[in-house]
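Residues per chain are reported as follows:
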Amino acid sequence: MATQRIPVILVTGFLGSGKTTMLNHLMRDSADTRIGVIVNDFGSINIDAMAVAGQVDSMIPIENGCLCCAADASEMDEMLDRLTDPELCIDVVVIEASGLAEPQSMIRTLLSSTNERIVYGGLVEVVDAAEFPDTRVRHPELDRHVRAADLIVLNKTDRVAEDERRDLVENIQEIAPGAPVLTAAHGRVDPALLFDHRPRETSGEGFRQLSFADVWGDDAGAGDECGEDVCGDGHDHSHHLHTAYESMEFTAAEPLHPRRLMAFLDSLPAGLYRAKGFLHFAGAGRERKFTLHAVGSYLRFAPSPWERDEPRTTQLVMIGTGIDADTLTKRLTECVAAPAEEVDDTHMMGVLRYVDEAD
């Protein structure tokens, strides 16, 4: 049976782009979600006003239940093994890379890990809006780093004019066509874009059915009706979910044709960052529920048995910037298999290519 794996998110970006500031916000704004943090750097770094010594294998508990440690590349796998120990109950691991790290190398290191408790959660490249043009001139390799990202955060947009911000977004989209670009100030990125809110469970259940409430958190949308960046209560809504990115939900009671679903996943629209949920396939795949996990170009299916009396339906959530929900819904509806349509084992081959042997 498939088990729920811990997503590992890579955060990269040139020196001074705001990676640590963004990490601080993620930890402060993640309610009771437990975050394991690996700082792939040496020297002192301040996280939530706590100095983390730049020595390998240091681990410090943070106030909201997070764990922070420092590690170099050779110790990364060992640190992941420690952070994913079930006794720690970590929900997500964030690796903050050195400002001089090669993103492609870090992706390879993570994907080659033998740890069966983790799953790749995507690479986030943080870009300094004020310094990006000059930094590209001095460091042409920055373009390659941007192209490796699953999500690009254009940070410090408060330091540039609106027309300059638009030009930067267009420039980045030319460098990395199709990659979603999220603008931010002071590193404020809604955690729900990167990982799911996971309240503590005491029922002892294993992997459970995803609900849309789980995706956004219990208080998702609170205050959205104000329509202002700052409401009368003085609370800042400028970095809330509705101002940064969009989502769409799709459900289908009828099974999907696996080959058409794969064709859809192979041609996802620009700006789509995450796709997740449960799939009900027609034909050879109908006896198992397939959990979908997609981040950027990374795709994985995890099959598991349907629970007794569990409705056999498809439930998907897709998250990104500038996505067209109507178009996505239409394309997914076209993936539903016709009642008399024959679906055999060969149609599942595309799906099974993305199933881990452990599953």
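Residues numbered from 1 in each chain as written. Predicted model: local features only at pLDDT ≥ 70, side-chain atom pairs only at ≥ 80, totals over all residues. Heavy atoms only, no water.

Enquirer: Give me the overall build of the protein chain: which residues, what numbers.
Expert: Along its length, the protein chain carries twelve helices and 15 strands. Taking all 359 residues of the protein chain together, the buried fraction comes to 50%. Taking all contacts inside the protein chain whose residues are at least 6 apart in sequence as the whole, residues at least 24 apart take part in 75%. About 16,800 Å² of surface is accessible on the protein chain, with carbon and sulfur atoms providing 49% of the total. (Helix = DSSP H or I, 4+ residues; strand = E, 2+ residues; numbered from the N terminus. Buried < 20%, exposed > 50% of the residue type's maximum accessible area, 1.4 Å probe, protein only. Contact = heavy atoms within 4.5 Å. Areas by Shrake-Rupley, 256 points an atom, 1.4 Å probe, with all protein chains shown as cover.)

Enquirer: Give me the confidence of the model for the protein chain: which residues, what numbers.
Expert: Chain-level pLDDT for the protein chain is 78 on average; 75% of the residues reach the 70-or-more range. Note that pLDDT drops below 50 for residues 42-58; the model gives that stretch 45 contacts with residues more than four away or on any other chain. (pLDDT = per-residue confidence, 0-100.)

Enquirer: Before we move on, could you go through helix 1 (residues 19-28) and cite the residues and values that matter?
Expert: Owing to its 3.6 residues per turn, the α-helix aligns residues three or four sequence positions apart on the same side. For helix 1, the buried fraction is high: eight of the ten residues fall into the buried class. Taken residue by residue, helix 1 has K19, T20, M22, L23, N24, H25, L26 and M27 as its buried positions.

Enquirer: Help me get a handle on the sheet that holds strand 11 (residues 246-252), residues and values and all.
Expert: With respect to topology, five strands assemble into an open sheet ordered 11-15-12-13-14, the strand pairing being antiparallel. Each having just a single partner strand, strand 11 and strand 14 (298-305) make up the two edges of the open sheet. Ignoring which end each strand starts from, the neighbouring axes of this sheet average 10° apart. Alignment of strand 11 against strand 15 (residues 314-320), held across seven bridges, turns out to be antiparallel. Bridge assignment links E249 to a residue of strand 15, and that residue is V317. Across the sheet, helix 10 (residues 258-265) touches strand 12 (272-279), strand 13 (288-295), strand 14 and strand 15, and the angle it forms with strand 14 is around 150°. Helix-sheet contacts for helix 11 (residues 325-333) involve strand 11 and strand 15, and the interaxial angle to strand 11 is about 25°. (Pairing = 2+ DSSP bridges. Axes fitted to C-alpha atoms, helices over the stretch in contact; angles between N-to-C directions.)

Enquirer: Summarise the nonpolar core; cite the residues concerned and give the values.
Expert: The biggest cluster of nonpolar side chains holds 38 residues, and the ones touching the most others in it are V93 and I152. Counting residues per element, the ones that place at least two in this core are strand 1 (6-13), helix 2 (76-83), strand 7 (92-97), helix 3 (103-111), strand 8 (118-128), helix 5 (142-147), strand 9 (151-155) and helix 6 (162-175). In terms of residue count, strand 8 provides more of this core than any other element does, five residues in total. Once residues within four sequence positions are removed from consideration, I152 is found in contact with E125, V127, V146, I172, A176, A179, P180, V181 and L182. Counting residues in each nonpolar core, the second largest holds 27 residues, with M22, L26, I35 and V317 among its members. (Core = buried A, V, L, I, M, F, W, Y, C linked by side-chain atoms within 4.5 Å.)

Enquirer: An account of the packing of helix 10 against helix 11 is needed here, citing residue identities and associated values.
Expert: Where helix 10 meets helix 11, the axes come as close as 9 Å, and the angle between the chain directions of the two elements is 150°. On the basis of their axis angle, the class for helix 10 and helix 11 is roughly antiparallel. When helix 10 is examined against helix 11, the residues L261, A263 and F264 are found in contact with a partner set consisting of L328, R331 and L332. Looking at the contact of helix 10 with helix 11, its residues break down into five nonpolar, no polar and one charged. (Parallel < 35°, antiparallel > 145°, perpendicular 65-115°, else oblique. Nonpolar A, V, L, I, M, F, W, Y, C, P; charged D, E, K, R; others polar.)

Enquirer: Lay out the packing of aromatic side chains with the relevant residues and their values.
Expert: A full pass over the atoms with the stated rule returns two aromatic pairs. Between the aromatic rings of Y120 and Y298, the centroid separation amounts to 5.3 Å while the plane-to-plane angle is 75°, which identifies the pairing as edge-to-face. With Y120 in strand 8 and Y298 in strand 14, the pair connects residues that are 178 residues apart, well separated along the chain. Owing to a relative accessible area of 19%, Y298 belongs among the buried residues under this scheme. Pairing F281 with F290 gives two aromatic rings, centres 5.4 Å apart and planes at 70°, and the pair type is edge-to-face. On the basis of relative accessibility, which here comes to 0%, the residue F281 falls in the buried class. (Phe/Tyr/Trp six-rings, centres within 6.5 Å; stacked < 30°, edge-to-face > 60°.)

Enquirer: Residue-level account of helix 6, with values.
Expert: The end-to-end C-alpha separation of helix 6 is 20 Å, in line with the 20 Å expected for 14 residues at 1.5 Å each. All of the buried residues in helix 6 are L168, V169, I172 and I175. Down the axis, helix 6 shows its buried residues gathered within 125° of arc, on one side only. Buried residues along helix 6 sit in contact with strand 8, helix 4 (132-138), helix 5, strand 9 and strand 10 (181-183). (Expected span 1.5 Å × (residues − 1). Arc of directions from axis to C-beta.)

Enquirer: Please set out unusual backbone geometry residue by residue, giving values where relevant.
Expert: The phi angle at K156 is positive, at roughly 60°, despite the residue not being glycine. Mapping K156 onto the fold places it in the loop between strand 9 and helix 6. If you check the backbone angles, D309 has positive phi at about 65° while not being a glycine. Residue placement: D309 occurs in the loop between strand 14 and strand 15.

Enquirer: Kindly report on the pattern of salt bridges, identifying the contributing residues and their values.
Expert: Using the criterion set out here, one finds 13 salt bridges in the structure. Close ionic contact of E162 with R166 constitutes a salt bridge, the shortest N to O distance being 3.6 Å. Here the residue E162 and the residue R166 both occupy positions in helix 6, the gap between them amounting to four residues, near one helical turn. Under the relative-accessibility criterion, E162 is labelled partly exposed at 42%. (Salt bridge = Lys/Arg side-chain N within 4 Å of Asp/Glu carboxyl O.)

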